[in-house]
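Residue strings, one per chain:
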Amino acid sequence: MQSAARRRQFPAAAAAPGSPQPTGSLYPGRHGAGKSEDTFKTSPFHLDLWFYFTLQNWVLDFGRPIAMIILPLEWFPLNKPSAGDYFHMAYNVITPFLLLKLIERSPKTLPRSMVYVSIITFVMGASIHLVGDSVNHRLIFSGYQHHLSVRENPIIKNLKPETLIDSFELLYYYDEYLGHSMWYIPFFLILFIYFTGCFTPVEEESRMPVAALLLMGPSSLYYWYLVTEGQIFILYIFTFFAMMALVMHQKRKGLVLDSNGLFLFYSFIITLVLIAVWVVWLWNDKILRKKYPGVIYIPEPWAFYTLHMNNLHAAKESF
């Protein structure tokens, strides 16, 4: 009876010598070994996730303002959410889910707390941006011009009382600064955290399939839009430099990027080339230069649209 009581009180002592032990803090040795083995695990190219990322980015993010402009205004009155707003709502739900699935597939154990805080901040920032962007884009129907500052817009500077202009500047701040910061900083942070686990000691696994090469163009083009329209070049370039530094550091250890890491890294390289071409093309545009002063001159695509494409449409309609 005493021995049975002792076995109930100390169940681990009664385990058979060859039986499997539970994982957790009681067995730090085994748990630590599992983490060290993460470095040598590899994963195949995530065709489904990268395809879903590219598709929903183009449809739900880039397609938001296009859907708002193309669809008849009678379907979505100016005092109601537009089609682009519903696209944005779907983006705010689907993108965090895809980011979490991407982190789950990482062959390396990643800091979960940082990932969760980043996802929460991402959702908050994207939601703030949803409200500000909804109002700003619908102001286009009233004659708002994105290539001008808030106070220089004809429909804004004549508002009475003048304190209303301060309210529109506050809306612009929430949309273009606070919303973008809380949206894009966690987004790039999660991509970089995932990138840290995309290394393998096997040279043969450092190759991209044909599907990855086909997705690289649309993915890079979307990142170009994200960086230019979001005005986040500094965040993007710091993330890219951190990736380069990590690649060189891991190369000294004999580790190379796997197919997923190569896809992300090459997409960022092509994005940098596209940004350079965009800046060179609009280098001598005096009006855009006035809105984007300073050393870093990267015009927004929608500012280019309201400045040049709107005039082009108006000229066609006059004929």
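Given the structure is predicted, the values throughout are model-derived calculations rather than measurements.

## Focus: the pattern of salt bridges
Argument step 1. Overall, the coordinates contain seven salt bridges when judged by the stated rule.
Argument step 2. For glutamate 152, the salt bridge goes to lysine 290, with nearest N and O atoms at 4.0 Å. On the criterion of sequence distance, the pair formed by glutamate 152 in the loop between α5 (112–138) and α6 (154–157) and lysine 290 in helix α11 (residues 286–291) is long-range, its members being 138 residues apart.
Argument step 3. The network of salt bridges with common partners includes Asp61, Arg64 and Asp133.

## Some points on the packing of helix α7 (residues 163–195) against helix α9 (residues 233–252)
Argument step 1. For the pair α7 and α9, the least separation of the axes is 11 Å and the interaxial angle reads 10°. Compared by their axis directions, α7 and α9 come out roughly parallel. Contacts between α7 and α9 involve Tyr184, Ile185, Phe188, Phe192 and Phe195 from the first element and Leu235, Tyr236, Thr239, Ala242, Met243, Leu246 and Val247 from the second.
Argument step 2. Its residues placed into classes, the contact of α7 with α9 shows 11 nonpolar, one polar and no charged.

## Here's the deal with the environment of phenylalanine 53
Argument step 1. Locating phenylalanine 53 in the fold gives a position in helix α3 (residues 47–70).
Argument step 2. With residues near it in sequence (within four places) discarded, phenylalanine 53 still touches Thr95, Leu98, Leu99 and Leu102.

## Topic: empty space enclosed by the protein
Argument step 1. Across all of its chains, the model carries five cavities of 30 Å³ or more by this definition.
Argument step 2. Size it by volume and the largest cavity reaches roughly 140 Å³.
Argument step 3. Lining the largest cavity are 17 residues, and of these His129, Asp133, His180, Tyr225 and Glu229 sit closest to its centre.
Argument step 4. Elements with a minimum of two residues in the lining of the largest cavity: α3, α5, α7 and α8 (210–230).
Argument step 5. The residue inventory of the lining of the largest cavity, partitioned by class, reads five nonpolar, five polar and seven charged.
Argument step 6. Of the voids in this model, the second largest cavity is the one considered here, and its volume is about 70 Å³.
Argument step 7. Considering the residues around the second largest cavity, the lining is formed by Trp50, Phe53, Thr54, Asn57, Leu191, Ser219, Tyr222, Tyr223 and Phe263.
Argument step 8. The set of elements that each furnish at least two residues to the lining of the second largest cavity consists of α3 and α8.
Argument step 9. A total of four residues in the lining of the second largest cavity trace back to one element, the largest contributor, which is α3.

## Details of the packing of aromatic side chains
Argument step 1. Tallied over the entire structure, the rule returns 33 aromatic pairs.
Argument step 2. With a centroid separation of 6.3 Å and an interplanar angle of 35°, the aromatic rings of phenylalanine 240 and phenylalanine 241 are classed as tilted.
Argument step 3. Looking at phenylalanine 240, the relative accessible area reads 6%, which means it is buried.
Argument step 4. The ring centre of tryptophan 283 lies 4.1 Å from the NZ or CZ of arginine 289, which sits over that ring.

## A few points about the UniProt feature "transmembrane region" (unreviewed entry) in the chain
Argument step 1. The sites that UniProt annotates as "transmembrane region" (unreviewed entry) are residues 49–71, 86–103, 115–132, 183–202, 232–249 and 261–283.
Argument step 2. As annotated, residues 232–249 has a helix share of 94% and a strand share of 0%, and its two end C-alpha atoms lie 26 Å apart.

## What to know about the nonpolar core
Argument step 1. Formed by 62 residues in total, the largest nonpolar core has its most connected members in Trp50 and Phe268.
Argument step 2. Counting residues per element, the ones that place at least two in this core are α3, α4 (83–104), α5, α7, α8, α9, α10 (259–281) and α12 (301–318).
Argument step 3. Among residues more than four places away in sequence, those in contact with phenylalanine 268 are Phe188, Leu191, Tyr223, Tyr236, Thr239, Phe240 and Met243.

## Quick look at the packing of α4 against α7
Argument step 1. Axis separation between α4 and α7 bottoms out at 10 Å; the angle between their running directions is 25°. Between α4 and α7, the angle falls in the class roughly parallel. Like other packed secondary-structure pairs, α4 and α7 cross with a definite hand, here left-handed. Taken together, the residues of α7 that come into contact with α4 (itself represented by His88, Tyr91, Thr95, Leu99, Leu102 and Ile103) are Trp183, Phe187, Ile190, Leu191, Ile193 and Tyr194.
Argument step 2. For the contact of α4 with α7, a count of residues per class yields 10 nonpolar, two polar and no charged.

## Re the environment of glutamate 169
Argument step 1. Tracing the chain through its elements places glutamate 169 in helix α7.
Argument step 2. When the C-alpha positions of glutamate 169 and arginine 151 are compared, they lie 8.0 Å apart, and in sequence the two are 18 residues distant.
Argument step 3. Not counting residues within four places of it along the chain, the set of residues in contact with glutamate 169 comprises Val150 and Arg151.
Argument step 4. Engagement of the side chain of glutamate 169 in a polar contact is seen with the side chain of arginine 151, the distance being 2.9 Å.

Cut-offs used in this document
Here the residue index of a chain counts from 1 through its sequence in written order. Only residues with pLDDT of at least 70 are given local features in this predicted model, and only at 80 or more are side-chain atom pairs given and counted; all residues enter the totals for whole chains, interfaces and linings. Note that water and hydrogens are dropped before the side-chain values are worked out from all heavy atoms of the structure. Salt bridge criterion: a side-chain nitrogen from Lys or Arg within 4 Å of a carboxyl oxygen from Asp or Glu. The numbering of helices and of strands both runs from the N terminus, where a helix is a DSSP run of H or I of at least 4 residues and a strand a run of E of at least 2. Lines fitted to C-alpha atoms define the axes, with helix axes restricted to the stretch in contact, and inter-axis angles between N-to-C directions lie between 0 and 180 degrees. Roughly parallel here means an angle under 35 degrees, roughly antiparallel means over 145, roughly perpendicular means 65 to 115, and every remaining angle is called oblique. Note on contacts: a residue pair qualifies if any of its non-hydrogen atoms lie within 4.5 Å across the two residues. Throughout this entry, Asp, Glu, Lys and Arg are counted as charged residues, while Ala, Val, Leu, Ile, Met, Phe, Trp, Tyr, Cys and Pro are counted as nonpolar. The remaining residues, Gly among them, count as polar. Lining residues are those with an atom within 4 Å of a point, where the points come from a 1 Å grid over the protein atoms alone and group into cavities, where a 1.4 Å probe fits but cannot get out, or pockets, open sets with protein on both sides within 12 Å along at least five of seven lines. Grid points are joined across faces, edges and corners, and a volume is the space filled by probe spheres set on the points. Between rings of Phe, Tyr and Trp, where Trp is taken as its six-membered ring, a pair exists when centres lie within 6.5 Å; planes separated by under 30 degrees are stacked, by over 60 edge-to-face, and by other angles tilted. Relative accessible area decides the class of each residue, using a 1.4 Å probe on protein chains only: under 20% of the type maximum gives buried, over 50% gives exposed, and in between gives partly exposed. Working rule: Lys NZ or Arg CZ, within 6 Å of ring centre, within 35 degrees of ring normal, means a charge sits over the ring. UniProt positions are given in the numbering used here, feature names are shortened, and annotations may be inferred rather than shown by experiment. Among the buried residues, those of types Ala, Val, Leu, Ile, Met, Phe, Trp, Tyr and Cys that are joined through side-chain atoms within 4.5 Å form a nonpolar core. Here is the rule for handedness: rotate from the far helix to the near one, and if that takes an anticlockwise turn smaller than a right angle the crossing is left-handed, while a clockwise turn gives right-handed. Distance and chemistry together define a polar contact, namely a pair of N or O atoms within 3.5 Å, with one atom able to donate a hydrogen and the other to accept it when in protein, and with adjacent residues in sequence counting only for side-chain atoms on both sides.

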